[in-house]
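Reading the structure
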Amino acid sequence: MTRGELVIALRATIGDRYVLVEKEDVIVYEQDGSIFQVMPEIVVLPANAEEVAAVVKLAQQANVPIVPRGSGTGLAGGAVPAEGGIILSLARLNRILKIDLQNRIAVVEPGVINIDVTKAVAKDGFFYAPDPSSQAACSVGGNVANNSGGPHTLAYGVTTNHVLGVEVVLDDGQILWLGGEVPDTPGYDLCGVFVGSEGTMGIVTKAVVRLMRTRESVRTLLAIFDQMDRATQTVVDITGAGIIPAALEMIDRTTIEAIETGAPVGFPRDAEAVLIVEVEGLIEHTERSMKLVRDICTRSGAREVRVAKDETERQLLWKGRKGAFGAMGALAPNYYVQDGVVPRSKLPEIMRRIAEISKQFNLRIANVFHAGDGNLHPNILFDMRVPGELDRVVEAGAATLRACIELGGSITGEHGVGLEKKAYIGLLFNEADLEAMTRVRRAFDPDGRFNPAKLFPTPLSCGEIRRQPASIPAGLWI
Amino acid sequence: MEHTHPTIDSANQSKVATLDLPELYQCVHCGLCLDQCPTYRVLKLEPESPRGRIHLVKAAADGRIDLNERFKEHLYLCLLCRACESACPSGVQYGRIAETAREHLGPPGSDLTRAVLNFVFSQLLPYPRRLRFVFTLLRIYQSSGLQRITRSLLPKKLREMDAMLPVVSRSLFRPDSNAYLAIGPRRAKVAMLNGCVMPLLFGEVNEATVRVLQRNGCDVIFPKSQTCCGALNIHNGESTAAKQMARQNIDAFLAANVDAIIVNAAGCGAVMKEYGYLLRDDPTYAQKADRFGSLVKDAGEFLAGLGLVGELGAVKMTVTYQDPCHLAHGQRIRSQPRKLLQSIPGLTLVEMEGSDRCCGSAGIYNITHPEMSRHLLKEKMQTIALTDAEAVVAPNPGCMLQLCYGAQQYGPKLSVYHLMDLLERSYSAAEAASHK
């Protein structure tokens with residue numbers, strides 16, 4: 001099948017408007033929320049599972065790769081078509097198909113925006129727990145692919161803890177359900193295998209997600225510190241005291257500068273770090289926990305503790321936190337975010353190491369992270385236009401990840417491996433681990449058609465950050 | 001065996017320096033704007049999103065894509081509602097990017113449309129008298145019965161456009177050349193923008209605005225040599241006449257030596273506050289434009305800041321409030337109009353979902369992109385219907401026209417008011433009650 005024939009067949013299947021081939025259309029799909037750019041040849045936006053299946057079959061006949069894409073807010077290059085081919089956007093599969101409050105589940109299509117699930121059930125006192133910072137834009141499908149977390153992961157777990165089943169399209173175009181509307185289906189937990197597979201096994205076309213009951217009360221405070229060490233030690237002290245807040249976030253001075261420049265919310269610009277601590281539950285519990293947290297913050301050296309006095313103030317704190325990545329643009333044209341994890345007790349140590357790395361490579365690093373579960377997000381700020389800077393950025397990024405592993409941690413908490421961290425996955429897994437994972441992947445996608453060149457280790461060169469599509473085998477587009 | 005896969009980076013294309021704006025480098029591609037963008041919400045296509053359009057302009061600036069018709073379509077399908085600016089954590093001023101790109105591309109549409117637009121932008125809008133003449137003809141056309149006859153003869157597309165024609169108000173607002181004096185102790189001296197469309201289609205709104213200002217202790221003057229603000233020009237890729245209009249307004253209003261320049265049209269206010277940016281390369285006007293911009297106040301913003309005085313009477317009505325895009329997103333004014341509405345006794349304000357989402361009016365967008373415009377309007381009317389309000393308040397003439405059209409075409413059958421209409425009605429009600 002030639003490229004022309006493929007395009008004609010795709011158009012016949014899903015309509016002209018939703019098959020993009022012009023350069024002025026497809027170029028905007030070369031990048032997601034990360035800094036990687038590779039241009040797709042074709043972008044398709046099917047409307048339902050049947051159309052997705054038809055696209056997959058055509059791609060198989062034409063022997064071209066398929067890269068699924070949700071809202072394109074991912075931070076690891078997961079939706080960048082590393083080897084060109086077709087981008088399959090799930091944005092139009094955006095219906096909430098069913099809300100079943102008695103069984104506390106919702107059935108949604110993958111293009112549904114994360115926050116819209118909560119919005120649909122909030123009036124009935126329910127919510128959807130995984131809350132990535134990009135939740136106002138990111139899709140449930142993207143969350144499933146990356147097994148995304150968020151500030152409230154600390155209390156509620158990540159996406160996989162909230163997905164009971166997925167409907168998927170496999171490489172031969174077959175549509176089937178893995179898991180379902182009831183928990184604990186017998187046999188292999190194939191739904192669990194699919195969640196977090198970063199689009200390398202097939203395409204999710206529906207998901208059954210858990211709904212949680214909104215807590216009776218929620219209190220949020222902002223603790224302000226003049227020293228980073230004191231802030232990180234406070235995190236250790238809070239969790240050490242046996243308190244598990246709903247969320248425990250840290251924002252450093254550079255990130256505060258970005259937020260207050262881009263879209264100000266009133267964080268103190270002169271602080272070295274702030275913590276956002278949220279507790280929730282029954283009123284008696286939250287009041288008691290809030291008092292304990294306040295005391296610990298003060299004892300550990302907080303300069304000031306501000307408790308949000310109403311929902312508006314609370315939302316403002318979260319607006320600042322959740323806009324933090326996007327706000328980096330206020331400080332530098334580009335940022336490279338890492339997603340390392342360390343045991344909580346190592347937070348003071350890793351922050352010192354990151355400060356050293358920043359000095360060593362002469363790069364500004366803005367830190368904002370889920371302190372409660374030791375999930376770091378150092379954002380290395382730079383300007384792609386400055387020759388040589390990108391090389392230093394990649395090296396500095398690698399240095400932070402190595403530091404995380406040395407301290408007993410991991411290279412990704414929630415953003416996925418994608419393109420960005422595939423070079424480092426070998427630091428974490430040995431050959432036997434990787435071989436086992438490869439076999440699982442092949443069982444679903446023997447041809448490696450789905451999102452190729454992701455997840456598994458190949459060296460990452462900075463040439464991959466904005467480059468031409470990898471050369472496609474000769475004769476492919478005959 | 002022919003290898004036909006497209007070459008991606010044809011580096012031989014030339015860079016476009018005028019498009020290489022600093023704002024482009026503030027966007028880090030996070031995507032938080034996506035779901036706030038009306039066109040993206042409808043189409044789900046990245047090229048019809050703010051992030052997509054910024055990416056396109058960046059690619060064009062880098063010489064990676066041509067500034068062809070396809071590119072132009074993407075840039076012009078944007079409503080310029082600037083909802084993305086409210087959502088952007090980095091503070092990217094998208095409006096500036098889109099306006100600069102449009103300036104580079106020129107007005108939208110076919111050759112004929114462009115010719116008509118160019119005529120309107122350079123020969124009509126800058127000249128209030130000519131504009132008034134055109135509207136007088138329109139009024140004759142509507143009141144003589146001619147409209148009814150032509151409507152039956154017109155082809156469907158033109159008939160739809162004819163139906164969108166607003167009914168020209170019988171009493172055009174012609175400002176007095178003398179000052180309208182403050183009632184009670186004088187608290188401020190202000191100058192008011194008469195506007196191009198407002199006095200011709202909503203004359204009573206300008207009248208109400210003047211009255212409310214007077215009642216709140218303001219001397220109100222209309223500088224004689226003022227002209228249209230230039231927003232329509234700027235939004236549609238015409239900047240030469242727009243800059244001239246800006247200079248004329250700056251001279252007219254600064255000479256009046258007032259405490260504030262009051263604008264009751266959100267679109268005009270947003271542009272006038274940003275004259276400093278428009279004229280940044282004009283050494284004689286740049287500074288004056290900044291000073292001018294700092295004096296410009298939306299009527300609701302100004303009155304909420306000043307604090308209402310005088311007795312307000314009951315207006316028994318349930319209303320919902322539509323945030324005009326260029327008030328909420330363009331000027332970040334959301335709470336002040338609501339505060340004023342809630343100060344009216346007897347009036348109940350019911351919020352609609354997505355009140356700051358564009359109604360599809362967007363200047364002349366409803367004419368250049370009727371399909372998208374109507375889609376958004378239909379959605380808007382549906383969300384309004386859910387509030388069970390009997391009226392919708394939208395302090396901007398474009399939104400008012402669009403919502404009137406929406407009420408008439410899709411329902412619910414409700415009235416459309418400017419905030420100043422209702423304030424004046426409330427003051428009058430108190431007066432009437434005291435006369436009894």
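Throughout this document, residue positions are counted from 1 along each chain, in the order its sequence is written. Throughout, the order in which chains and ligands are written sets their labels, letters from A for the former and numbers from 1 for the latter. For this predicted model, a pLDDT threshold of at least 70 governs which residues receive local features, and a threshold of 80 or more governs which side-chain atom pairs are given and counted, while totals over whole chains, interfaces and linings are taken from all residues.

Section: the overall build of chain B
Strands are runs of DSSP state E lasting at least two residues, helices are runs of H or I lasting at least four, and both sets are numbered from the N terminus onward. Each helix and strand in chain B was counted, giving 23 helices and 8 strands. A radius of gyration in this sense is built from C-alpha atoms; the matching globule rule multiplies 2.2 Å by the number of residues raised to 0.38. A compact globule built from 436 residues should have a C-alpha radius of gyration of about 22 Å, and chain B, at 22 Å, falls within 12% of that. For chain B, the spread of C-alpha atoms along the three principal axes comes to 95 × 55 × 40 Å. Residue burial here comes from a neighbour count, namely the number of other C-beta atoms, placed from the backbone, that lie within 10 Å of the residue's own C-beta, with 20 or more meaning buried, 12 or fewer meaning exposed, and in between meaning partly exposed. Among the 436 residues that make up chain B, the fraction classed as buried is 49%. Contact between residues is assigned whenever the C-beta positions, reconstructed from backbone atoms, fall within 7 Å. When contacts within chain B are restricted to residue pairs at least 6 apart in sequence, long-range pairs at least 24 apart make up 78% of them.

As for the environment of V440 of chain A
By the secondary structure assignment, V440 of chain A is in helix α16 (residues 431-444). A count of 14 C-beta atoms within 10 Å places V440 of chain A in the partly exposed class.

Focus: the domain arrangement of chain B
Frequently, the measure chosen for interface size is the accessible area that the parts lose on association. Residues and elements named next belong to chain B. Annotation comment: domain bounds sourced from an automatic or database domain assignment. One can read the domain layout of chain B as domain 1 (17-105), domain 2 (115-164), domain 3 (188-304) and domain 4 (311-435). In this assembly, 27 residues from domain 3 lie in contact with 25 residues from domain 4. Counting residues per element, the ones that place at least two in the side of domain 3 that touches domain 4 are α10 (198-201), α11 (203-215), α12 (231-235), α14 (266-273) and α17 (299-306). In terms of residues, the side of domain 3 that touches domain 4 owes the most to one element, α11, which gives 6 residues. Gly is placed with the polar residues, together with every amino acid not listed as nonpolar (Ala, Val, Leu, Ile, Met, Phe, Trp, Tyr, Cys and Pro) or charged (Asp, Glu, Lys and Arg). Residue composition of the side of domain 3 that touches domain 4, by class: 15 nonpolar, 7 polar and 5 charged.

Comments concerning the domain arrangement of chain A
All names here are of chain A. You can read the domains of chain A as domain 1 (3-91), domain 2 (96-213), domain 3 (215-331) and domain 4 (332-464). Using only C-alpha atoms to locate each centre, domain 1 and domain 2 end up separated by 22 Å. Contacts between domain 1 and domain 2 engage 16 residues on the former and 20 residues on the latter. When residues in the side of domain 1 that touches domain 2 are grouped by element, the largest group, 6 residues, is from helix α3 (residues 49-62).

Some thoughts on the interface of chain A and chain B
With 43 residues of chain A at the contact, the number on the chain B side is 37 residues. Within the residue set of the side of chain A that touches chain B, elements represented by two or more residues are α2 (23-26), α9 (253-262), α12 (324-327) and β16 (334-337) of chain A. Residues that form the side of chain A that touches chain B fall into these classes: 21 nonpolar, 15 polar and 7 charged.

A few points about the sheet that holds strand β3 (residues 260-263) of chain B
Residues and elements named next belong to chain B. Strand pairing is assigned whenever DSSP identifies at least 2 bridges connecting the two strands. The strand order β2-β1-β3-β4 describes an open sheet built from 4 strands, whose pairing is parallel. Edge positions in the sheet fall to β2 (218-221) and β4 (296-298), since each of these pairs with one other strand and no more. Here the average twist between neighbouring strands, direction ignored, is 35°. When strand β1 (residues 188-192) meets β2, the two strands line up parallel, connected through 4 bridges. Bridging from a neighbouring strand, K189 pairs with D219 of β2. Convention adopted: a line fitted to C-alpha atoms gives each axis, helices being fitted over their contacting stretch, and angles between N-to-C directions are expressed from 0 to 180 degrees. Lying over the sheet, α14 contacts β3 and β4, oriented at roughly 155° with respect to β4.

Looking at the packing of helix α8 (residues 228-240) of chain A against helix α10 (residues 283-299) of chain A
Residue and element names in this part refer to chain A. For the pair α8 and α10, the least separation of the axes is 9 Å and the interaxial angle reads 145°. Handedness of the α8/α10 crossing: right-handed. Of the residues in α10, those touching α8 at T234, D237 and I238 are V293, I296 and C297. Residues that form the contact of α8 with α10 fall into these classes: 4 nonpolar, 1 polar and 1 charged. Should the near helix be turned anticlockwise from the far one by less than a right angle, the crossing is termed left-handed; should it be turned clockwise, right-handed.

A short note on the packing of helix α19 (residues 335-342) of chain B against helix α23 (residues 419-435) of chain B
All names here are of chain B. Contact pair α19 / α23: the axes reach a minimum separation of 10 Å and the direction vectors enclose 25°. What the angle tells us is that α19 and α23 run roughly parallel. Considering how the two elements wind past one another, α19 and α23 form a crossing that is left-handed. Along the contact surface, α19 presents P337, L340 and L341, while α23 presents L419, L422 and L423. Split by residue class, the contact of α19 with α23 holds 6 nonpolar, no polar and no charged. Each angle receives one of four descriptions, namely roughly parallel if under 35 degrees, roughly antiparallel if over 145, roughly perpendicular if within 65 to 115, and oblique otherwise.

A look at the pairing of strand β13 (residues 247-252) of chain A
Residue and element names in this part refer to chain A. With respect to burial, β13 is a largely interior element, 6 of its 6 residues being buried. Of the two faces of β13, the one lined by A247, E249 and I251 and the one lined by L248, M250 and D252 are each fully buried. As paired elements, β13 and strand β14 (residues 273-281) share 6 bridges and run antiparallel to each other. Residue pairing in the sheet places D252 in a bridge with A273 of β14. Looking at chain direction, β13 and strand β17 (residues 364-369) are connected through 2 bridges and run antiparallel. Looking across to β17, one finds that I251 is bridged to V368.

Observations regarding the confidence of the model for chain A
As a per-residue measure, pLDDT tells how confident the predictor is, with possible values from 0 to 100. Put simply, chain A has an average pLDDT of 92, and 96% of its residues get 70 or more. Counting contacts from residues 460-478 of chain A, a segment whose pLDDT is below 50, to residues more than four positions away or on other chains yields 39 contacts.

Some words on the sheet that holds strand β12 (residues 217-225) of chain A
Residue and element names in this part refer to chain A. Taken in spatial order, the 7 strands make up an open sheet running β15-β12-β14-β13-β17-β18-β16, and their pairing is antiparallel. Whereas interior strands pair on both sides, the edge strands pair on one side only; in this sheet they are β15 (304-307) and β16. On average, each strand axis in the sheet is tilted by 20° relative to the strand beside it, whichever way the strands run.

Describing the environment of L101 of chain A
Residues and elements named next belong to chain A. With respect to the element layout, L101 can be found in the loop between β5 (96-100) and β6 (105-108). Accessibility expressed as a C-beta count within 10 Å gives 13 for L101, which makes it partly exposed. Ignoring sequence-local partners within four residues, the contact set of L101 consists of D124 and F126.

A short note on the pairing of strand β9 (residues 175-179) of chain A
Residue and element names in this part refer to chain A. Note that strand β8 (residues 163-169) and β9 share 5 bridges and pair antiparallel. Bridge pairing in β9 places V169 opposite I175. Two successive antiparallel strands, β8 and β9, enclose a turn made up of 5 residues, where G173 displays a positive phi of approximately 90°.

Quick notes on the nonpolar core
All names here are of chain A. Counting 273 residues, the largest nonpolar core has V44 and V274 as the members making the most contacts within it. Here the element with the most residues in this core is α3; it accounts for 8 residues. Look past the residues within four positions of V44 in its chain and what remains in contact with it is L10, I14, Y18, V19, V55, I86 and L88. In this usage, the nonpolar core is the set of buried Ala, Val, Leu, Ile, Met, Phe, Trp, Tyr and Cys residues whose C-beta atoms join them within 7 Å.

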